[in-house]
Structures are given as C-alpha cells and as structure tokens.
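# Coordinate analysis (summary)
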Amino acid sequence: QVQLVESGGGLVQPGGSLRLSCVASGFTFSAYIMNWYRQAPGKERELVARITNSGASTNYADSVKGRFTISRDNAKNTLYLQMNSLKPEDTAVYYCSRVSVPIVWGQGTQVTVSP
C-alpha cells in the first residue's frame with residue numbers, strides 16, 4: 001500500500017525552528033520527485049518546496065526561500081523539511097506529496113507559529 005506519513009509539526013514561537021519528516025512506504029521512494037505543500041485556514045494549498053528524486057536539485061516558494069530546506073534520505077525512504085526563522089504566516093497544515101499521476105498525499109502535520 002502506497003503511504004506517506006508526516007510528523008514533526010507542533011507549536012513554536014516566531015523565530016523558532018521545526019523539522020518535518022515524511023516517511024514513505026509501498027513504492028520505490030528514490031524514483032520520485034517529492035514536494036512539500038501547506039494549507040492555511042481559508043487558503044488554497046500552496047507548493048512550498050520540491051526536490052528531485054536524487055536530491056540534486058531543489059526549488060522553493062519565494063515566501064520560504066532562505067528559511068526552509070528540503071532534503072531526502074533515499075536509504076531511509078524519508079523526506080525532510082527544515083524550517084528556520086518561522087513566522088506566524090507559516091502557520092498551516094503541511095503535507096508531503098509524491099509527484100505522480102495520481103498525486104499521492106500524506107495526512108498532513110499541523111505547524112502553528114505563535115508567541
């Protein structure tokens with residue numbers, strides 16, 4: 001069964017850091033481009049970061065560039081999102097996804113940035 005399971009979310013103060021993880025199972029993780037998305041209340045889901053299957057190339061939304069780092073460990077079937085200098089506007093549910101047809105989504109992990 002193809003599955004993505006996120007973890008690592010929580011409540012953090014502005015300026016703090018979190019590292020999200022996404023463990024993949026049921027497919028050849030190293031064969032797929034992977035994304036992190038987020039969705040804030042009342043807003044559309046937006047692409048935060050993307051990484052190629054080898055990890056050699058990454059792309060970021062302008063809103064997180066310089067603060068977030070996407071990475072992967074293909075030996076552990078795990079995708080990461082290191083989030084630094086967090087802002088209240090980063091508050092959202094964060095989802096990992098597999099770039100494929102159909103797209104595969106995880107269940108999401110809540111990140112709340114608040115004093």
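In short, a report on the structure. (Residues numbered from 1 in each chain as written. Predicted model: local features only at pLDDT ≥ 70, side-chain atom pairs only at ≥ 80, totals over all residues. Heavy atoms only, no water.)

What follows covers the packing of aromatic side chains. Within this structure, the stated rule accounts for four aromatic pairs. Pairing F27 with Y32 gives two aromatic rings, centres 5.5 Å apart and planes at 85°, and the pair type is edge-to-face. Aromatic pair Y37 and W105: ring centres 4.9 Å apart, planes at 65°, arrangement edge-to-face. Of this pair, Y37 sits in strand β4 (residues 34-39) while W105 sits in strand β10 (residues 104-105), and the two are 68 residues apart along the sequence. The exposure class assigned to Y37 is buried, which follows from its relative accessible area of 16%. A relative accessible area of 32% places W105 in the partly exposed class. Here the aromatic cluster, defined as three or more aromatic residues joined through ring pairs, consists of F27, F29 and Y32. The ring of Y32 has R98 sitting right over it, with the charged end atom 4.3 Å from the ring centre. (Phe/Tyr/Trp six-rings, centres within 6.5 Å; stacked < 30°, edge-to-face > 60°. Helix = DSSP H or I, 4+ residues; strand = E, 2+ residues; numbered from the N terminus. Buried < 20%, exposed > 50% of the residue type's maximum accessible area, 1.4 Å probe, protein only. Lys NZ or Arg CZ within 6 Å of the ring centre and 35° of its normal.)

To continue, consider the pattern of salt bridges. What the rule picks out here adds up to four salt bridges. Note that R38 and D90 form a salt bridge whose closest N and O atoms lie 2.9 Å from each other. Of the two residues, R38 is situated in strand β4 and D90 in the loop between β8 (78-83) and β9 (92-98); the sequence distance between them amounts to 52 residues. Judged by relative accessible area, R38 falls into the buried class, the value being 5%. One salt bridge connects D90 with R67, and the closest N-O pair in it is separated by 2.7 Å. Here D90, found in the loop between β8 and β9, pairs with R67, found in the loop between β6 (58-60) and β7 (68-73); they are 23 residues apart in sequence, far enough to count as distant. Here R67 falls in the buried class, since its relative accessible area comes to 10%. Each of R38, E46, R67 and D90 takes part in salt bridges that share partners, so that together they form one network. (Salt bridge = Lys/Arg side-chain N within 4 Å of Asp/Glu carboxyl O.)

For the rest of this paragraph, the subject is the nonpolar core. Grouped together as the largest cluster of nonpolar side chains are 28 residues, with contacts concentrated most on W36, L79, L81, M83 and Y94. Elements with a contribution of two residues or more to this core: β3 (18-25), β4, β5 (46-51), β7, β8, β9 and β11 (109-113). Among the elements that take part in this core, β3 stands out by supplying four residues, more than any other. (Core = buried A, V, L, I, M, F, W, Y, C linked by side-chain atoms within 4.5 Å.)

With the rule as written, the count across this model stands at one disulfide. Between the sulfur of C22 and that of C96 lies a disulfide, 2.0 Å long from S to S. Its torsion about the S-S bond being 60°, the disulfide of C22 and C96 is classed as right-handed. Of this pair, C22 sits in strand β3 while C96 sits in strand β9, and the two are 74 residues apart along the sequence. For C96, a relative accessible area of 0% gives the class buried. (Disulfide = S-S within 2.5 Å.)

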